[in-house]
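Here's the letter readout for the chains.
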There are 2 protein chains.
Amino acid sequence: MSIWDIARVAGVSQQTVSRVINGKARVSEPTRAKVLKVIDDLGYRPNRLAQTLAGGPARAVTVLTSDTALYGAAATLRGMEEAARAAGFSVGISVLDAASQQTDIALRLNRPGEPVMVIAFDEAGMSALRALPPDVPVAAAVEYRSDDDPDADPWQVWLDDRAAAAHATRYLLSLGHRTVHYLAIPSSTSPLAQRTRGWQDALRDAGLPVPEPLQGGWTPRSGYLSVRSLVADRSVTAILCGNDDLALGVMRAAREAGRDIPGDLSVVGFDDSPPAAYLNPSLTTVRLDFEGLGRACFGLLYRRLAPESAPAVPEWSEPELIVRESSGPARA
Amino acid sequence: MSIWDIARVAGVSQQTVSRVINGKARVSEPTRAKVLKVIDDLGYRPNRLAQTLAGGPARAVTVLTSDTALYGAAATLRGMEEAARAAGFSVGISVLDAASQQTDIALRLNRPGEPVMVIAFDEAGMSALRALPPDVPVAAAVEYRSDDDPDADPWQVWLDDRAAAAHATRYLLSLGHRTVHYLAIPSSTSPLAQRTRGWQDALRDAGLPVPEPLQGGWTPRSGYLSVRSLVADRSVTAILCGNDDLALGVMRAAREAGRDIPGDLSVVGFDDSPPAAYLNPSLTTVRLDFEGLGRACFGLLYRRLAPESAPAVPEWSEPELIVRESSGPARA
DNA sequence: CTGAAAGCGCTAACAA
DNA sequence: TTGTTAGCGCTTTCAG
């Protein structure tokens, strides 16, 4: 069933049906009503592929992301999907695994030039971003982009991880800790990731030496394995973690080493993932507005596609330190 | 750039280019090599929309799911995406919120008749499944389907929640608990969800009275709120939870009520989500192979689309009880 | 083995 | 306000 069937039954041309469907051009009210009735009676549904192929406006977007299981990526994706669907876009998703070659990326799109959003919090996302052909309109959620670089890609959104990490570090120092150790997530901008930088900023500002940061992965297991020796050292009294999952692993390693949290050791995470508030002890962490970031990323893409008609890019929240049970004063 | 450009440069007809691209028909080796070279030189990428529109085989599938943030749905989606991409399908995703009307569902598809997978672990997913027009090929991951019903939809996959819940309950009873309480997730087959049934099965088989099950939601917060009064009752010594997030909330509520886990109260979850092994105490839970289920769901859909050529539907793992620290013998 | 034709369902330009 | 005419990029006929 196509617009031709509707046109025939309604006694109009197929073009008039097209006009009714996409609502732009003027159609007389009686005609429009007649066509809509036939559409409804016959249960007609437009074919979006054909609409796009024939040169209609872009109404589909593909999201490139590396791991849907991670809270940050999942929440960002959620925000993107929500905003995209609200704007009438269908959302494709394509997961980047370690094996995905740069040349493959363009082949994942449904058509050359299809708009794309990239969740580029890690190296896989960043390299996908770089691998995209220049003709695809893209917006990306990235780990961080410098504010001062005028040549930087304007089609990116990010959270101010650096300031947030600095804030969290200062908070721990204010509790009397002599220093703060840092367990890093893998970073897209390594070796000096923004969270790492922020932590360093705060320590340097306080005139303290900067311990060697530990390199972790993304999972609780990785956090657990990375800090087993560190937590055995009783002089270590505060650990900042690159995400909540790492913090979970750290807390377990600390427990097994006989450390008491927060009496003996303070642990702070990053993300404020849903379980954080219910852990034992509940986790002090930096809340990040990934959903807002995802919505904003789509907003940016929309403006890129339709500079005139697209609405303003929605705001998103600043990172916020949520103090819970896992952090406390340094033991006197 | 289209196949016409390739054809012109290669000095062949556009039809020959088409033959080379989809590799089916016979093309002489010299011709094929020539065409492939031109494709490579010009960086040509086929337009999948046009391929599909022109009557090519289906190479796109849309996943309908209600909440990507939940572990079960996220992991299932991951399996689906992995299998679909491996088979050369692009994956669309459309999130079902509470507001989504039944009639909207068909409009989310990129074309009438596009294949669909539904993650139907909850009521939103089930009603979307019911709302799909009869002409769309669909496969679904559902909470449970009876094995004995010969009229049941054969295009569904599920995990044997009922047996798993019974197993977990028997395990708790074997530890000496007088009875086991159950905190349920919202179910697509309420009022008697399969996990609830399995729990009842085990209690009845043991000749025990069945306490009223508690109705929870999906989140830790929901688990926390639902059992605050229950955990105050010292005679309650074992609680089975419909998922790990609920269990997390339950453990917190128990702690606040002064209960010791597992000395005083055993808590068992469902899912074996990534944090489970690192919680304090680590969580005894039923491991569910959502990824395998998602892969199998795509395998089923593939067979439905191409009964001849599709490979066998991959197997997935049975639920498995993982015993950790949160469960132990009833206090004597 | 290769080519020419027709058409998938739709939108855009142009006419009337 | 409506109808006519061309395509979008590709795959399927059907002829050679």
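Since the structure is predicted, the reported quantities are computational estimates derived from the model, not experimental observations.

What counts, and at which threshold
Every chain is numbered independently, its residues counted from 1 as its sequence is written. Whichever chain is written first becomes A and whichever ligand is written first becomes 1, with later ones labelled in order. The predicted origin of the model limits local features to residues at a pLDDT of at least 70 and limits the giving and counting of side-chain atom pairs to 80 or more, whereas totals for whole chains, interfaces and linings rest on all residues. The basis for every side-chain value is the complete set of non-hydrogen atoms in the structure, without hydrogens or water. The secondary structure listing takes helices from DSSP runs of H or I that are at least 4 residues long and strands from runs of E that are at least 2 residues long, numbered from the N terminus. As a reference, a globule follows 2.2 Å times the number of residues to the power 0.38, and the radius of gyration itself is taken over C-alpha atoms. Contact criterion: two residues are considered in contact whenever any of their non-hydrogen atoms come within 4.5 Å of each other. Accessibility throughout is a Shrake-Rupley quantity obtained with a 1.4 Å probe, and a residue counts as covered only by protein chains that appear here. This count recognises Lys and Arg as positive and Asp and Glu as negative, with His and chain-terminal groups excluded. For charged residues, the charge sits on one atom: NZ in Lys, CZ in Arg, CG in Asp, CD in Glu. Every patch collects residues that have over 30% relative accessible area and no salt bridge, joining them within 9 Å if they carry like charges and within 5 Å if they are nonpolar side chains (Val, Leu, Ile, Met, Phe, Trp, Tyr). Any Lys or Arg side-chain nitrogen located within 4 Å of an Asp or Glu carboxyl oxygen qualifies as a salt bridge. Only protein chains enter the accessibility calculation, which uses a 1.4 Å probe. A residue is then buried if its area is under 20% of the maximum for its type, exposed if over 50%, and partly exposed in between. Working definition: residue near molecule or strand if any one of its non-hydrogen atoms lies within 4 Å of it. Each polar contact in these results corresponds to two N or O atoms within 3.5 Å; when the atoms are within protein, one needs to be able to donate a hydrogen and the other to accept it, and residues that are neighboring in sequence are counted only if both atoms are side-chain atoms. Take the accessible area each of two parts loses on contact, using a 1.4 Å probe, and add the two losses: that sum is the buried area. Side-chain atoms within 4.5 Å link the members of a nonpolar core, which is a set of buried Ala, Val, Leu, Ile, Met, Phe, Trp, Tyr and Cys residues. In the scheme used here, Gly and all other residues not listed as nonpolar or charged are polar, with Ala, Val, Leu, Ile, Met, Phe, Trp, Tyr, Cys and Pro taken as nonpolar and Asp, Glu, Lys and Arg as charged. When DSSP finds two or more bridges between two strands, those strands count as paired. Here, axes are lines fitted to C-alpha atoms. For helices the fit covers the stretch in contact, and angles between N-to-C directions go from 0 to 180 degrees. UniProt positions are given in the numbering used here, feature names are shortened, and annotations may be inferred rather than shown by experiment.

## What about the overall build of chain A?
Counting its secondary structure elements, chain A contains eleven helices and eleven strands. Against the compact-globule benchmark of 20 Å for 332 residues, chain A has a radius of gyration of 25 Å, which places it well outside the compact range. Principal-axis analysis of the C-alpha atoms places the extent of chain A at approximately 85 × 40 × 35 Å. In chain A, 68% of the contacts between residues at least 6 apart in sequence involve partners at least 24 apart. Approximately 14,300 Å² of chain A is accessible, and the part contributed by carbon and sulfur atoms is 51%. Of the charged side chains in chain A, 34 are positive and 39 negative, and the gap between their average positions amounts to 5 Å.

## Some points on a nonpolar patch on the surface
Residues and elements named next belong to chain A. Among the surface-exposed residues, Met-1, Val-9 and Leu-42 lie close enough to one another that they form a single nonpolar patch of about 270 Å² accessible area. Inspection of the secondary structure assignment puts Met-1 in the segment before α1 (3-10). Judged by its relative accessible area of 55%, Met-1 is exposed.

## Quick look at the protein's contact with DNA strand C
If you check the shell around DNA strand C, you find 27 residues, and the closest are Gln15(A), Tyr44(A), Thr16(B), Arg19(B) and Thr31(B). If you look at DNA strand C and keep only atoms within 4 Å of the protein, 60% of those are sugar or phosphate atoms. Ser28(B) places a main-chain nitrogen or oxygen 2.7 Å from a phosphate oxygen of DNA strand C. One of the side-chain nitrogen or oxygen atoms of Thr31(B) is found 2.6 Å away from a phosphate oxygen of DNA strand C. If you list the elements that add at least two residues to the surface near DNA strand C, you get α2 (14-22) and α4 (48-53) of chain A together with α2 (14-22) of chain B.

## Observations regarding the interface of chain B and chain A
In this complex, chain B contributes 44 residues to the contact, which on the side of chain A involves 44 residues. Around 4,100 Å² of area is buried between chain B and chain A when both sides are counted, 59% of it from carbon and sulfur atoms. Counting across the interface, chain B meets chain A through six salt bridges. Across the salt bridge formed by Arg85(B) and Asp97(A), the nearest N and O atoms sit 3.7 Å from each other. Those elements giving two or more residues to the side of chain B that touches chain A turn out to be α4 (48-53), α5 (71-86), β2 (90-95), α9 (220-226) and α10 (244-256) of chain B. Looking at which element gives the most residues to the side of chain B that touches chain A, the answer is β2(B), with six residues.

## So, the nonpolar core
Counting residues in hydrophobic clusters, the biggest one holds 91 residues, and the most contacted among them are Leu240(A), Phe298(A) and Leu240(B). Counting residues in hydrophobic clusters, the runner-up holds 48 residues, among them Met251(A), Ala253(A), Ala254(A) and Ala276(B).

## With respect to the protein's contact with DNA strand D
In the vicinity of DNA strand D, 26 residues are found, and the nearest of them are Thr16(A), Arg19(A), Thr31(A), Ser18(B) and Tyr44(B). Of what DNA strand D places within 4 Å of the protein, 62% of the atoms are sugar or phosphate. Arg19(A) places a polar side-chain atom, nitrogen or oxygen, 2.5 Å from a base oxygen of DNA strand D. Residue Asn22(B) places a side-chain N or O atom 3.2 Å away from a phosphate oxygen belonging to DNA strand D. Partitioned by chemical class, the residues of the surface near DNA strand D number nine nonpolar, 15 polar and two charged.

## Comments concerning the sheet that holds strand β5 (residues 156-157) of chain B
The strand order across the open sheet formed by ten strands is β5(A)-β4(A)-β3(A)-β1(A)-β2(A)-β2(B)-β1(B)-β3(B)-β4(B)-β5(B), and the pairing between neighbours is mixed. The open sheet has two free edges, formed respectively by β5 (156-157) of chain A together with β5 of chain B, since each of these has just one partner strand. As defined by bridge partners, strand β4 (residues 138-142) of chain A adjoins β5(A) across two bridges and the pair is classed as parallel. Looking at the pairing, Ala141(A) lines up with Val157(A) of β5(A). Each of β1 (60-65), β2 (90-95), β3 (116-120) and β4 of chain A together with β2 of chain B is contacted by helix α5 (residues 71-86) of chain A, which is oriented at about 160° to β3(A), the strand it contacts most. In the packing of α5(B) onto the sheet, the strands contacted are β2 of chain A together with β1 (60-65), β2, β3 (116-120) and β4 (138-142) of chain B, and the crossing angle to β3(B) comes to about 160°.

## A few points about the side chain of Thr65(A)
Position of Thr65(A) relative to the elements: it lies in strand β1. Filtering out sequence-adjacent residues up to four positions away, Thr65(A) remains in contact with Ala73(A), Ile93(A), Ser94(A), Val95(A), Leu96(A) and Ile119(A).

## A look at the sheet that holds strand β8 (residues 238-241) of chain A
Residue and element names in this part refer to chain A. The strand order β7-β6-β8-β9-β10-β11 describes an open sheet built from six strands, whose pairing is mixed. Of all strands in the sheet, those with a lone pairing partner are β7 (214-215) and β11 (320-322), marking the two edges. Direction of pairing for β8 relative to strand β9 (residues 266-271): parallel, over a ladder of three bridges. Across the sheet, residue Leu-240 finds its bridge partner in β9, namely Val-268. Its contacts with the sheet put helix α8 (residues 194-205) on β6 (181-184), β8 and β9, and the angle it makes with β6 is roughly 175°.

## Observations regarding the UniProt feature "domain: HTH cro/C1-type" (unreviewed entry) in chain A
On the UniProt side, "domain: HTH cro/C1-type" (unreviewed entry) is annotated at positions that read residues 5-42 of chain A here. Counted over residues 5-42 of chain A, helix gives 76% and strand 0%. Its end C-alpha atoms are 9 Å apart.

## A few points about the pattern of salt bridges
A full pass over the atoms with the stated rule returns 36 salt bridges over all chains. Between Lys37(A) and Asp41(A) there is a salt bridge; the shortest N-O distance is 2.7 Å. Taken together, the positions of Lys37(A) and Asp41(A), both in helix α3 (residues 29-42) and four residues apart, correspond to about one turn of that helix. Among the salt bridges present, the one from Arg252(B) reaches Glu325(A), with a minimum N-O distance of 2.4 Å. Taken together, the residues span two chains, with Arg252(B) in helix α10 and Glu325(A) in the segment after β11. Given a relative accessible area of 9%, Arg252(B) falls into the buried group. Through salt bridges with shared partners, one network takes in Asp67(A), Arg78(B), Glu82(B), Glu291(B) and Arg295(B).

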